[in-house]
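Report on the structure
Each chain, written out:
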Amino acid sequence: MTGIPFVTLADPQYGQVVQLSPLVQRVVAENPSKFTYHGTGTYLVGRSDAGADIAVIDPGPALDAHRTALLAAIGNRRVIAVLVTHCHADHSPLAPWLADRAGAPTVGFGRHPRLDDPDSDDDDDPGPDDDPGPDDDPGPDDGPGTDGDGEGAGAAIEESTDYDFDPLVRVTDGDVAAVAGAFTLRAVHTPGHTSNHMCYALEQERSLFTGDHIMGWSTTVIGPPDGDMRAYFESLRKVQARADEVLWPTHGAPVGHPRPFLEAFLAHRLQREAQVLAAVRSGQTSIAAMVEVLYADVRMELHKPAGRSVLAHLVKLIDDGLVAVDGDVGPTLKAIYRAV
Ligand SMILES: [Zn+2]
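Within each chain, residues carry numbers counting from 1 in the order of the written sequence. With the structure being a predicted model, the display of local features is reserved for residues of pLDDT at least 70 and the display and counting of side-chain atom pairs for 80 or more, all residues being used for whole-chain, interface and lining totals. Derived side-chain values reflect all non-hydrogen atoms in the structure, with water molecules and hydrogen atoms excluded from consideration.

**Overview of the nonpolar core**
Note the cut-off: Each nonpolar core is a collection of buried residues, namely Ala, Val, Leu, Ile, Met, Phe, Trp, Tyr and Cys, held together in the definition by side-chain atoms within 4.5 Å. Think of it in three bands: residues with accessible area under 20% of the maximum for their type are buried, residues over 50% are exposed, and the middle band is partly exposed, with areas taken using a 1.4 Å probe on protein chains only. Think of it this way: any DSSP run of H or I at least four residues long counts as a helix, any run of E at least two long counts as a strand, and we number them from the N terminus. We call two residues contacting when some pair of their heavy atoms lies within 4.5 Å.
Ranked by internal contacts, the top residues of the largest apolar core, which has 22 residues, are I57, L83, F183, L185, Y200, L202 and F209. For this core, the elements supplying multiple residues, two or more each, are β3 (41–46), β4 (53–57), β5 (78–83), β8 (176–179), β9 (184–189) and β10 (198–202). With sequence-adjacent residues up to four places away left out, F209 is seen in contact with V24, Y43, V45, I57, L185, C199, Y200, L202 and W248. If you look at the next biggest cluster of nonpolar residues, it comprises 21 residues, including A279, V298, L302 and L311.

**Some details on the packing of helix α4 (residues 258–281) against helix α6 (residues 303–319)**
We count it as follows: Lines fitted to the C-alpha atoms define the axes, with helices restricted to the stretch that makes contact. Angles between their N-to-C directions range from 0 to 180 degrees. In these notes the angle categories are as follows: under 35 degrees is roughly parallel, over 145 is roughly antiparallel, 65 to 115 is roughly perpendicular, and the rest is oblique. When residues are grouped by polarity, Ala, Val, Leu, Ile, Met, Phe, Trp, Tyr, Cys and Pro land in nonpolar, Asp, Glu, Lys and Arg in charged, and all others, Gly among them, in polar.
At a minimum axis distance of 10 Å, the contact between α4 and α6 shows a crossing angle of 80°. Compared by their axis directions, α4 and α6 come out roughly perpendicular. Between α4, through R269, R272, E273, V276, L277 and V280, and α6, the contact on the second element is made entirely by S309, V310, H313, L314, K316 and L317. Broken down by class, the residue content of the contact of α4 with α6 amounts to six nonpolar, two polar and four charged.

**Considering unusual backbone geometry**
Residues P224 and P225 are joined by a peptide bond in cis, for which omega reads 10°. Position of P225 among the secondary structure elements: in the loop between β11 (207–211) and α3 (229–240).

**Thoughts on the sheet that holds strand β1 (residues 18–21)**
Short version of the rule: When DSSP finds at least two bridges between two strands, those strands are taken to pair.
Across the sheet, which stays open at both edges, the seven strands sit in the order β1-β2-β3-β4-β5-β6-β7 with mixed pairing between neighbours. At either margin of the open sheet sits one strand with a lone partner, and together these are β1 and β7 (169–170). Inspection of the sheet shows β4 paired to β5 by five bridges, in the parallel sense. Directly across from V56, in β5, lies its bridge partner V82.

**Describing the pattern of salt bridges**
So the rule is basically this: Salt bridge, as used here: a side-chain nitrogen of Lys or Arg that lies within 4 Å of a carboxyl oxygen of Asp or Glu.
For the structure on display, the rule yields 15 salt bridges. For R206, the salt bridge goes to E245, with nearest N and O atoms at 3.8 Å. Placement of R206 in the loop between β10 and β11 and of E245 in the loop between α3 and β12 (246–249) is noted, with a sequence separation of 39 residues between them.

**Some points on the sheet that holds β9**
Sheet strands line up and pair through hydrogen bonds in the backbone, either parallel or antiparallel. Taking strand neighbours across the sheet as the criterion, the five strands line up as β8-β9-β10-β11-β12 in an open arrangement whose pairing is mixed. The two strands at the open ends of the sheet, each matched to only one other strand, are β8 and β12. Averaged over all pairs of adjacent strands, the angle between strand axes in this sheet comes to 25°, irrespective of strand direction. Sheet topology places β8 next to β9; three bridges connect them, and they run antiparallel. Within the sheet, the bridge partner assigned to V176 lies in β9 and is R186.

**Remarks on the packing of helix α5 (residues 287–294) against α6**
Helix packing geometry: the angle between the two helix axes and the distance between the axes. Running from N to C, α5 and α6 cross one another at 110°; their axes reach a closest spacing of 9 Å. It follows from the interaxial angle that α5 and α6 lie roughly perpendicular. Taken together, the residues of α6 that come into contact with α5 (itself represented by I287, M290, V291 and E292) are H303, A306, G307, V310, L311 and L314. Its residues assigned to classes, the contact of α5 with α6 shows seven nonpolar, two polar and one charged.

**Comments concerning the environment of L9**
Inspection of the secondary structure puts L9 in the segment before β1. Here the alpha-carbon distance between L9 and W217, two residues 208 residues apart in the chain, equals 8.3 Å. Aside from chain neighbours lying at most four places away, what touches L9 is R26, Y37, H38, G252 and A253.

Set out below in structure tokens:
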């Protein structure tokens, strides 16, 4: 597969407020996992002097230590908005708490939709029992992304959804999400990882807070039915068309040279899509069989989550008119696929 120039974060400095640029600070929550890397990086945007107005992006998981660390990091500054990139449990749960406390609005695209997942009762659905375990954690020792192809790893394992989150202020693409004397944050709608995923552009520093859309240490999970590969491709191209100098993912280190990164992500997914199409054309009819071939170099325990990623590609290929699925249920993990 195409190489992606992954970047690592040497030390998360849990609970500490770290000044990353003149207008950006970060506090990392101690919720490390295979899907959050070292943990959730909550960003504070604005000046650092007393009394300054700031916005907070992705307040993070409901951990007492993270609450305490955030309040200490905010200090005697005024929170004017609490922005959320999307409603996964490592991003949004503390948003209502912080907004209440600060008397500020929560801001986001909208609720996470509740969709029928035909695979949700499936025995093969990856669940907590299928968790590959800490040995497979792509940590600093393993180097980032060393599961060979982390895409899809854990679509339904740890990325549990915060269906309760409902932003007070709903923004759409191009809207100003938060503004103060020192900064303007503008919403950039980037569906794919989830349909309601938002990035936020900091105009004064030409940087973009990318949530889970683009991460420096791993590919992102695209898990149907809400995860959408076609939308993800379009959202990668949307970021590619911008001229951001820095990307700030919620997990891991910043991406200082976005262009080659975005090209590599696109190339990686296009290559995988071509492989899936070739597998169907060569007569493979089941996702299980395709995974055996496409992920031959990836540990067996990651094959089930890899199936979700193959499903995401198949959904797009069906939409493209290149693949058909048997039966009335539509594309599922156990459906039979054939070339058109
Ligand atoms: Zn997520």
